[in-house]
Amino acid sequence: MGVLQIIGKVITSSALIFVIVVLVPGVPPDVEFEVINAKLPLELNGKLAPNVVLDRASPMKLDLEIEGPESIAISPNGKDIYTGIVGGEIIRVNENGQVKIIAKFGQECEGEWDILKCGRVAGLRFDSTGTLFAADVALGIFKVNVDTGAYEQVVPMDIPIDGKLVKFADDLDIGKDGKIYFSDAQIAITCRITDFKLQLNRGCNSTCTQLLLQDLLQPTTSDLYCYLGASTNVDPSLMILELLGPPSGRLIQFDPKTRTSKVLIDNLHFANGVQLSRDEDFVMVAELVRSRVWRYFLKGDRKGESEIFVDQLPGLPDNIRPNGKGGYFIVLASPIRTAEAPGLIDTLGPLPLIRKFVARTIVLVNGFLTLTEMFLPSTYVHQLQFYVSHLGPLGQLNMQPKDVIIVEIDNNGKIIGSFHNKNGPISHSSEVQVGKEFTYFGSASAKHIYRMKTTDFKL
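Remember, it's a predicted structure, so these values are computed and weren't measured experimentally.

A. Just the state of the cysteines, in detail. Summed over all chains, the structure comprises one disulfide. With its sulfur 2.4 Å from that of its partner, C109 forms a disulfide with C118. With the S-S bond torsion at 75°, the cross-link from C109 to C118 turns out right-handed. The partly exposed category is assigned to C109, whose relative accessible area is 22%. Among the residues examined, C118 registers a relative accessible area of 2% and is labelled buried.

B. Expanded view of the pattern of salt bridges. Inspection of every chain in the model, using the stated rule, returns 17 salt bridges. Note that E67 is salt-bridged to K447, the shortest N-O span being 3.6 Å. Within this pair, whereas E67 is found in the loop between β1 (58-59) and β2 (72-74), its partner K447 is found in the loop between β23 (438-443) and β24 (450-453), the two being separated by 380 residues in sequence. Assessed through its relative accessible area of 27%, E67 is described here as partly exposed. One salt bridge in this structure joins R321 and D171, with 3.0 Å as the shortest N-O distance. Of this pair, R321 sits in strand β18 (residues 316-322) while D171 is found in strand β10 (residues 169-174), placing the two residues 150 residues apart along the sequence. The residues R321 and D171 share a single accessibility class, namely buried. Three or more residues joined by partner-sharing salt bridges are found here, namely R295, R302, E305 and E307.

C. Broad picture of the layout of surface pockets. What the second largest pocket holds in volume is close to 1,000 Å³. Listed by contribution, the elements that provide at least two residues to the lining of the second largest pocket are β2, β6 (121-126), β10, β14 (271-276), β18, β22 (429-434) and β23. Partitioning the lining of the second largest pocket into residue classes produces 13 nonpolar, twelve polar and 13 charged.

D. Geometry of the sheet that holds β14. Pairing is antiparallel across the open sheet formed by four strands, whose spatial order is β14-β15-β16-β17. In this open sheet, the two strands that pair with only one neighbour each are β14 and β17 (306-310). The sheet shows a mean angle of 30° between the axes of neighbouring strands, taken without regard to direction. Both strand β16 (residues 292-297) and β17 contribute to a ladder of four bridges, which runs antiparallel. In the sheet register, V293 faces β17, and the bridge partner there is V310.

E. Quick look at the pairing of β22. The element β22 is largely enclosed, with a buried count of five among its six residues. Two strands pair when backbone bridges link them, and β22 and β23 are joined in this way by five bridges, in the antiparallel orientation. In the strand pairing of β23, V434 is matched with T439. Turn length for the β22-β23 hairpin, with the two strands adjacent in sequence and antiparallel, is three residues.

F. The arrangement of a nonpolar patch on the surface in detail. The grouping of V3, L4, I7 and I11 at the surface amounts to a nonpolar patch, some 440 Å² of accessible area in total. For I7, the location among the structural elements is in helix α1 (residues 3-23).

G. Spatial organisation of the sheet that holds strand β20 (residues 405-409). An order of β18-β19-β20-β21 is seen for the four strands of this open sheet, with the pairing classed as antiparallel. The outermost strands of the open sheet, each flanked by one partner alone, are β18 and β21 (415-420). Sheet twist, expressed as the average angle between the axes of neighbouring strands with direction ignored, equals 25°. Pairing of strand β19 (residues 328-333) with β20, which is carried by five bridges, proceeds in the antiparallel orientation. Within β20, the residue paired with F329 across the bridge is E408.

Cut-offs applied
- Residues numbered from 1 in each chain as written.
- Predicted model: local features only at pLDDT ≥ 70, side-chain atom pairs only at ≥ 80, totals over all residues.
- Heavy atoms only, no water.
- Disulfide = S-S within 2.5 Å.
- Buried < 20%, exposed > 50% of the residue type's maximum accessible area, 1.4 Å probe, protein only.
- Salt bridge = Lys/Arg side-chain N within 4 Å of Asp/Glu carboxyl O.
- Helix = DSSP H or I, 4+ residues; strand = E, 2+ residues; numbered from the N terminus.
- 1 Å grid on protein atoms, 1.4 Å probe; cavity = no way out; pocket = protein on both sides within 12 Å on 5 of 7 lines; lining within 4 Å.
- Points joined across faces, edges and corners; volume = space filled by probe spheres on them.
- Nonpolar A, V, L, I, M, F, W, Y, C, P; charged D, E, K, R; others polar.
- Pairing = 2+ DSSP bridges.
- Axes fitted to C-alpha atoms, helices over the stretch in contact; angles between N-to-C directions.
- Patch = residues over 30% accessible without salt bridge, like charges linked within 9 Å, V, L, I, M, F, W, Y side chains within 5 Å.
- Areas by Shrake-Rupley, 256 points an atom, 1.4 Å probe, with all protein chains shown as cover.

Okay, here's the thing in structure tokens:
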């Protein structure tokens, strides 16, 4: 057989596999994949011109090894900081670098690939009374007494909100009236059995029993595929499916006094950071995939309306936090996107069939690995599932470029400055928290908490 014949057979076989995976009905995610035409990012000049301000940061010396301090909350006394780390723990770090575990909502687990079991805190806030609130992507919204370590779930995760369970509680903010605003990043998979699995990890009740009966009595073609990958399909590590698929994220308001929830903005393409305005007349939410920030009006003539607040960001927006001067910082997750070097979503956005093929392949491979693990239980299989879910090296943050941009905006959404790194230690930043003495930088993957003197955090 000649070389050309071999190449021809490989091409034919690959095309056949592609057609089967894309066209077979019912394979999850069984949703419509549309063309995504993201706007070109703003050029890195003017207020976005590169600088080396973030190179001034240095790692804190801690008495405990940590990984992934994604969100940081400064205590009301201004001396201690709190953060959530890989493994699901919330820790307190004092000014001397001494670390103490305050709370953990999930169970013990072996590594970041077991996030459904151990949980992962992605957002932290103190309210006006000094109570710490946490958004755990797998387990929900909690409040924590930082003195005793006692905690309780404050947002019911077993009750659908507008017909959908909360699947990925990403970030939150607390109003002066006690109302909780949080993002549900969601995952574009429509499997009822996955909702049942999610409830098993959160504490099963009548709701998940009803969901299970629906699956047993009225299975669909999609459900049959879902059974194969049920142990992984609801895993927040599969967030890549939300990036590839249609938007399903939400900004939600929860009123603890009435125990009611309200969806403020729906169909966000991976809802991420949340921030109330200084006067609490509007609330912002980052839409990661589309590189923009929305705002929803809570007061005034436009109450109940929403609009794009900041657009064409040169990166993927993560958490939003106050700048201490009436404006806000938007941290752009790596890698940075430019017109000359577009990001993954910019490249794949106009190619819905390619995105559909990749998404379905991830679910099918994970389903096969799930069956393998049933008969040959192994940590290595679970790790491989996590690796596949993150598109291998493409989804590993420590393999991505280390560029960081923190965009500063005023209360009207106008960009008034930016902070960059060049050779400094900060990489893959997720949040900036300004304190009186120090400014702290969170990261979903770093093994340190970075900080610099607040007086040095300026252009």
